[in-house]
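# Residue-level structure breakdown
Here are the chains, one letter per residue:
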Amino acid sequence: MTGAKQHVVRLGRIVGLVGVQGWVKVFSFTEPREAILDYGPWLLGSDSSWRQATVEDGKRHGKAVLAKLAGVDDRDDATGLLGEEIAIDRADLPATGDGEYYWADLIGATVWHKEERELGTVKQMLETGAHDVMVVGGDTERLVPFVPGEVVLDVDIDAGIIRVDWEWD
């Protein structure tokens, strides 16, 4: 898998070392944090090069997630992993139900206003507590609430199109 082009979903990053037996501290993007341990195999690296890793053991420790990876048996081995992104292949995610979407599937989609005006492309998603928000980049950056049935009229993942009813002026 090294260097392979694939659709990956980032789940976290290795941010620290724990002990002398190769355990690493993980900053998880999943909710709950320890859910990152349920996915696999992990891909470590970046867009330029991903390599597969297997989680042997893991646990939540306070606000942190700790993981022990196969073949990483001491602190020196673990040191080389600091800063590595953790991802999985998109195909390894469970299927979504009707009206459910992974953020990774929304990023890159073209957002169209209901009156057939292109607003731009979803650059990232934000969680605000009340609802998720799409950061749409185009002629200007817009924050568009991701509220299905109200603001978001239709999502076509296969076509990469999101239709919205959102007035931005």
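Refer to the structure printed above.
All chains use their own residue numbering, which begins from 1 and follows the written sequence. This being a predicted model, a pLDDT of at least 70 is required before a residue's local features are given, and a value of 80 or more before pairs of side-chain atoms are given or counted; all residues contribute to the totals for chains, interfaces and linings. Just so you know, side-chain values use all the structure's heavy atoms and leave hydrogens and water out.

### Side note on the overall build of the protein chain
Per the secondary structure count, the protein chain includes two helices and 13 strands. In terms of its C-alpha atoms, the protein chain occupies a principal-axis envelope of roughly 60 × 35 × 30 Å. To sort residues, take the accessible area from a 1.4 Å probe on protein chains only and compare it with the maximum for the residue type: under 20% means buried, over 50% means exposed, and anything in between is partly exposed. The proportion of buried residues among the 169 residues of the protein chain is 37%. Two residues qualify as a contact provided that any one of their heavy atoms is within 4.5 Å of a heavy atom in the partner residue. Within the protein chain, contacts between residues at least 6 apart in sequence are counted, and of these 51% link residues at least 24 apart. Here the accessible surface of atoms and residues is derived via Shrake-Rupley with a 1.4 Å probe, and residues count as covered only by protein chains that are part of the display. For the protein chain, the accessible area works out to roughly 9600 Å², and carbon and sulfur atoms hold 46% of it. Positive charges are assigned to Lys and Arg, negative charges to Asp and Glu, while His and the chain termini are left out of the count. For charged residues, the charge sits on one atom: NZ in Lys, CZ in Arg, CG in Asp, CD in Glu. One way to put it: in the protein chain the 17 positive side-chain charges average out to a point 6 Å from where the 31 negative ones average out. A run of H or I in DSSP becomes a helix once it reaches four residues, and a run of E becomes a strand once it reaches two; helices and strands are each numbered from the N terminus.

### Looking at the sheet that holds strand 13 (residues 161–164)
On the basis of which strands lie adjacent, the open sheet formed by six strands has the order 11-10-9-8-13-12 and mixed pairing. Whereas interior strands pair on both sides, the edge strands pair on one side only; in this sheet they are strand 11 (142–146) and strand 12 (152–156). Geometrically, the sheet is characterised by an average inter-axis angle of 35° between neighbouring strands, direction not taken into account. Pairing between two strands requires that DSSP report at least two bridges joining them. Pairing between strand 9 (residues 118–127) and strand 10 (residues 132–137): six bridges, direction antiparallel. In the sheet register, Glu-127 faces strand 10, and the bridge partner there is Asp-132. Axis lines are fitted through C-alpha atoms, for helices just across the contact stretch, and the angle between N-to-C directions can take any value from 0 to 180 degrees.

### Things to note about the packing of aromatic side chains
Within 6.5 Å between ring centres, the rings of Phe, Tyr and Trp (the latter by its six-membered ring) count as paired, and their orientation is classed by plane angle as stacked under 30 degrees, edge-to-face over 60, tilted in between. In the structure shown here, the tally under the stated rule is two aromatic pairs. Consider the rings of Phe-27 and Phe-29, whose centres lie 5.7 Å apart with planes at 75°: the pair is edge-to-face. Ring plane angle 85° and centroid distance 6.0 Å describe the contact between Tyr-101 and Phe-146, whose orientation is recorded as edge-to-face. Of the two residues, Tyr-101 is situated in the loop between strand 7 (85–89) and helix 2 (103–106) and Phe-146 in strand 11; the sequence distance between them amounts to 45 residues. Given a relative accessible area of 27%, Tyr-101 falls into the partly exposed group. For Phe-146, a relative accessible area of 10% corresponds to the buried category.

### With respect to the nonpolar core
By size, the foremost hydrophobic cluster in this structure holds 19 residues, and its most contacted members are Val-26, Ile-36, Trp-42, Leu-44 and Leu-69. Throughout this description, the term nonpolar core refers to a set of buried Ala, Val, Leu, Ile, Met, Phe, Trp, Tyr and Cys residues connected via side-chain atoms within 4.5 Å. With 16 residues, the next largest nonpolar core counts Ala-109, Val-111, Val-147 and Ile-162 among its residues.

### Considerations on the pattern of salt bridges
Side chains that carry opposite charge are capable of pairing whenever their charged atoms lie near each other. Each reported salt bridge corresponds to a side-chain nitrogen of Lys or Arg within 4 Å of a carboxyl oxygen of Asp or Glu. One pass over the full model with this rule turns up ten salt bridges. We note a salt bridge from Asp-139 to Arg-142, for which the minimum N-O separation is 3.2 Å. What makes Asp-139 exposed here is its relative accessible area of 71%. Looking at Arg-142, the relative accessible area reads 9%, which means it is buried. Taken together, the salt bridges that share partners define one network made up of Glu-56, Lys-68 and Asp-73.

### A short note on the pairing of strand 3 (residues 42–46)
Successive residues of a regular strand alternate their side chains across the two faces of the sheet. Summarising burial for strand 3: four of the five residues are buried, a large majority. Here five bridges tie strand 3 to strand 4 (residues 49–53), and the two strands are oriented antiparallel to one another. The partner of Ser-46 across the bridge, within strand 4, is Ser-49. Hairpin geometry of strand 3 and strand 4 is characterised by an intervening segment of two residues between the two adjacent antiparallel strands. With three bridges connecting them, strand 3 and strand 7 associate as antiparallel partners. Within strand 7, the residue paired with Leu-44 across the bridge is Ile-86.

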